[in-house]
Amino acid sequence: MGLLDKFRRKGAGEAPAKPTNGPKTDEYTPGGSPVYRYEDHQDEGFQPPESVGVYAQEVEEHFETLFPNRGSFVIHEIISDLVHIDIHIMRPMEEANFYVLYTTGMSDLPMHLPDEISDREDLKYAELYMFLPADWDVGEDLDSPQDMPYESYWPIQILKFLARFPHEYKTWLGFGHTMPNGPKYAPYCDGVGFGGIVLDWHGDKMGRVETKDGHDVLLYFVIPAYKEEIEYKLKYGMEGLQERFREGELPVVLDVHRPNLCADFHEIFD
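A brief look at the structure comes next. (Residues numbered from 1 in each chain as written. Predicted model: local features only at pLDDT ≥ 70, side-chain atom pairs only at ≥ 80, totals over all residues. Heavy atoms only, no water.)

**Description of the overall build of the protein chain**
Convention followed: Starting at the N terminus, helices and strands are each numbered in turn, a helix being any DSSP run of H or I of at least four residues and a strand any DSSP run of E of at least two. Note on exposure labels: buried denotes an accessible area under 20% of the residue type's maximum, exposed denotes more than 50%, and partly exposed covers the range between, all computed with a 1.4 Å probe on protein chains only. Contact criterion: two residues are considered in contact whenever any of their non-hydrogen atoms come within 4.5 Å of each other.
A tally of regular secondary structure across the protein chain gives 4 helices and 8 strands. Ordered by position from the N terminus, the helices and strands of the protein chain form the series α-β-β-β-β-α-β-β-α-β-β-α. With 270 residues in all, the protein chain has 52% of them scored as buried. The contacts of the protein chain with a sequence gap of at least 6 include a subset with a gap of at least 24, amounting to 66%.

**Quick word on helix α2 (residues 150-168)**
What counts is decided by this rule: The span expected for a helix works out to 1.5 Å for each residue beyond the first. Fitting axes to the seven residues ending at a residue and to the seven starting there, one defines the bend at that residue as the angle between these axes.
A rise of 1.5 Å per residue sets the reference length of α2, with its 19 residues, at 27 Å; its end C-alpha atoms lie only 24 Å apart and thus fall more than 12% short of the reference. When the local axis directions of α2 are compared, the greatest deviation, roughly 30 degrees, occurs at Ile 156. Following α2 by one or two positions, Lys 170 has its phi on the positive side, about 50 degrees.

**With respect to unusual backbone geometry**
Even without being a glycine, Leu 82 presents a positive backbone phi close to 75 degrees. Judged by its relative accessible area of 13%, Leu 82 falls in the buried class. Unlike most non-glycine residues, Asp 204 shows phi in positive territory, near 50 degrees. Relative to the elements of secondary structure, Asp 204 occurs in helix α3 (residues 204-207). Look at Asp 204 and you get exposed, because its relative accessible area is 72%.

**Things to note about the pattern of salt bridges**
Side-chain pairs of opposite charge can arise whenever the charged atoms involved come near each other. The criterion, for reference: We define a salt bridge as a contact between a side-chain nitrogen of Lys or Arg and a carboxyl oxygen of Asp or Glu at a distance within 4 Å.
If you walk through the whole model with that rule in mind, you get 11 salt bridges. Between Lys 227 and Glu 231 there is a salt bridge, with its nearest N and O atoms 3.3 Å apart. You can see Lys 227 and its partner Glu 231 sitting in helix α4 (residues 227-247), 4 residues apart, about one turn around the helix. On the basis of relative accessible area, Lys 227 is assigned to the partly exposed category, the value being 32%. The exposure class assigned to Glu 231 is buried, which follows from its relative accessible area of 5%. Taking the shortest distance from any N to any O, the salt bridge between Arg 244 and Asp 264 comes out at 2.9 Å. Placement of Arg 244 in helix α4 and of Asp 264 in the segment after α4 is noted, with a sequence separation of 20 residues between them. Accessibility expressed as a relative area gives 18% for Arg 244, which makes it buried.

Structure (structure tokens):
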């Protein structure tokens, strides 16, 4: 079973249980990345959000500046646990023929950083984004996600799951972080080879929203990835994976048929 299986066709409030402590680890990959495991959880029950849309307007204005003159709509979350996650969808344009998807609500609360970087205020707030091809079925304004076929909905579900994850599990997400879809890298959808994600950060305006209160919101690019790509990163670090991505010309817009850029990597990790 993949991490997302339990959320298929369920309400937004039905989320995994949460541990009581922040991220701690003594385990590191060969590439030097810390490994956090979320295997034992204590259910703290449903907790409605204390704040909603803290930086939503500023994030929206930022994306509208980056991608001007696009029509857009929002997939609003009806029932929210801890944070209210909305998915904003900006429509394709003739000269930029792809959808822009981004989250708001993830930054309503600070993430739980490890003790060694707990003073890094610049890493505590984040949102996520990705690009989908113009022929992707993203639904229409006021459509219910329940009406969307899962082969179209899964990228949206990934964004929602990841945006809530650091608050559910009292942890954090950042540049170079990877997450398999369960221990066996289960494909997100039939006919799709991706079994996890990698978070990239492009810096400059695509990487940060400067907020009025100084708690800037980082923007992480979500890359659906193959098992071998994620494990290559665990071995050689994000710099090594980025080199593979550059050599293979990883498309910025999601292509479910793209080749596995680390298909020749076959080391086994516990």
